[in-house]
Amino acid sequence: MLIRTGTDIRSSEVTDRSLWLDRRRFLALGAAGALALSGVPAHAASLSTVRGKFAADEPLTPMKDVTTYTNFYELGTDKSDPAQLAPSYFTKVKPWSVAVEGECAKPATLGYEDLIKPHQLEERIYRMRCVEAWSMVIPWVGVPLGDILRRFEPSSKAKYVVFTTLQDPERLPGQRRAILDWPYVEALRMDEAMHPLTLLAVGLYGEELLPQNGAPIRLVVPWKYGFKGIKSIVGIRFTETPPRTAWMKAAAREYGFYANVNPAVDHPRWSQASERRIGEFLKRKTLPFNGYAEQVASLYSGMDLAVNY
Ligand code: MTE
């Protein structure tokens, strides 16, 4: 993950927040009523949600920035590449299925509609911190990952959950080059995966995910650096041992397995003590566990977080 300095997006554009709040009021009519009123066909990309219990009370990052300043190396290594390339390459994200296998009683390959039940969708406003020292506040739509994983009845041997991104150089042309060892792989410890903050996201700002943000299904773990948030997931495997993730294979010294946001542990090439919120000029201090210490610090009690970075 390269640091760019000169090309950062200026976010002086009007925030989408008021528009989005109108949409929320609109959705409060209920999906059916809203669709009837709008004349929008039933396959519209808006998602009806309930407000989840965790919500960062901070100004949202404008939707334009969230959807155009992205990391998705399968669609290019510049922040602007994925939004530019996705409309030509990653055009088809449905039908989509996810194979869930490994240490569990009920392995299965499920289509998107069987995996994600609309009544489970929640909205969660999370602070997100990228390892490159920028951050955003994003209103995600998703399902707590634990609620989904439990359906497959993980066994007592399931200590880790490993996620895999779609492998398809036709739709993800970055995979034609050996930038990373494709497919992108990420993993969580079982207790991290089952933590109520951990989300399998399918949308943001009340709409289905755009391809550049990891459509149709991606991981969101707000107390970890953004690279843990693997996009366009097609595989979930319960394992007894931790895998080597894509970024650990690329540079183990720079990207550890835990990747908990930790202002006290610098990246070998830059400080993690502060961050630039996209759309703001001055830097702000980075908080331990990205401000979610109260909820998650106990998962790591007794661990040396400078060694287990
Ligand atoms: N997932 C895949 N498959 N490929 C990637 O390159 N980049 C990661 C993560 N998930 C990445 C990925 C990184 S480095 C970050 S910061 C987040 O996605 C960014 O998510 P966003 O672009 O939706 O903000």
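Everything below is about the structure printed above this text.
Analysis parameters
Residues numbered from 1 in each chain as written. Predicted model: local features only at pLDDT ≥ 70, side-chain atom pairs only at ≥ 80, totals over all residues. Heavy atoms only, no water. Helix = DSSP H or I, 4+ residues; strand = E, 2+ residues; numbered from the N terminus. Buried < 20%, exposed > 50% of the residue type's maximum accessible area, 1.4 Å probe, protein only. Polar contact = N/O pair within 3.5 Å; in protein donor to acceptor, adjacent residues only side chain to side chain. Contact = heavy atoms within 4.5 Å. Near = heavy atom within 4 Å. Areas by Shrake-Rupley, 256 points an atom, 1.4 Å probe, with all protein chains shown as cover. 1 Å grid on protein atoms, 1.4 Å probe; cavity = no way out; pocket = protein on both sides within 12 Å on 5 of 7 lines; lining within 4 Å. Sits in = over half its atoms within 2 Å of the grid points. Nonpolar A, V, L, I, M, F, W, Y, C, P; charged D, E, K, R; others polar. Pairing = 2+ DSSP bridges. Axes fitted to C-alpha atoms, helices over the stretch in contact; angles between N-to-C directions. Salt bridge = Lys/Arg side-chain N within 4 Å of Asp/Glu carboxyl O. Phe/Tyr/Trp six-rings, centres within 6.5 Å; stacked < 30°, edge-to-face > 60°.

Bringing the overall build of the protein chain into the picture now. When helices and strands are counted, the protein chain shows nine helices and 13 strands. Looking at the protein chain as a whole, 52% of its 309 residues are labelled buried.

If you trace the backbone, Glu192 turns up in helix H7 (residues 190–194). Note on Glu192: relative accessible area 0%, which makes it buried. Among the polar contacts listed, one links the side chain of Glu192 to the backbone nitrogen of Arg189, at a separation of 2.9 Å. Contact partners of Glu192, with chain neighbours within four places excluded, come to Thr198, Trp223, Lys224, Phe257, Tyr258, Asn260, Leu299 and Tyr300.

Quick look at the environment of Val93 now. Its location among the elements puts Val93 in the loop between helix H4 (81–85) and strand E2 (97–102). Along the primary structure Val93 and Ile217 are separated by 124 residues, whereas in three dimensions their C-alpha atoms are 9.5 Å apart. For Val93, the residues in contact, after removing those within four places along its chain, are Ala215 and Pro216.

Moving on, we get to the site of the ligand. Surrounding the ligand, one finds 16 residues, the nearest of these being Tyr73, Glu74, Arg218, Gly229 and Lys231. Across the complex, the protein chains shield 97% of the 530 Å² of accessible surface that the ligand would expose by itself. Under a 2 Å grid-point criterion requiring more than half of the atoms, the pocket assigned to the ligand is the largest cavity. Partitioned by chemical class, the residues of the shell around the ligand number seven nonpolar, six polar and three charged.

Spatially, five strands are ordered E3-E2-E11-E6-E7 in an open sheet, and the strand pairing comes out mixed. At either margin of the open sheet sits one strand with a lone partner, and together these are strand E3 (108–111) and strand E7 (185–189). Across this sheet, the average inter-strand angle for adjacent strands is 20°, counted without regard to direction. In this structure, strand E6 (residues 160–165) lies alongside E7, joined through five bridges in antiparallel fashion. Looking at the pairing, Thr164 lines up with Val185 of E7.

Counting across every chain of the model gives 18 salt bridges. One salt bridge connects Lys94 with Glu208, and the closest N-O pair in it is separated by 3.3 Å. Here the residue Lys94 occupies a position in the loop between H4 and E2, and Glu208 occupies one in strand E9 (residues 207–208), the gap between them amounting to 114 residues. Overall, the relative accessible area of 31% leaves Lys94 in the partly exposed class. Lys228 is the partner of Glu186 in a salt bridge, and the nearest nitrogen-oxygen pair spans 2.7 Å. Of this pair, Glu186 sits in strand E7 while Lys228 sits in the loop between strand E10 (218–220) and strand E11 (233–239), and the two are 42 residues apart along the sequence. Both residues of the pair, Glu186 and Lys228, count as buried.

Attention shifts here to the packing of aromatic side chains. Summed over the entire model, instances satisfying the criterion amount to 11 aromatic pairs. Relative to Tyr258, the ring of Phe257 lies with its centre 5.3 Å away and its plane at 90°, an arrangement referred to as edge-to-face. Taken individually, Phe257 and Tyr258 each receive the classification buried, so the pair is uniform in this respect. A ring pair is formed by Phe289 and Tyr300, whose centres lie 5.6 Å apart and whose planes are at 15°; its orientation type is stacked. Taken together, the residues span a long stretch of sequence, with Phe289 in the loop between strand E13 (284–285) and helix H9 (293–296) and Tyr300 in the segment after H9 at a distance of 11 residues. An identical accessibility class is assigned to Phe289 and Tyr300; each is buried.

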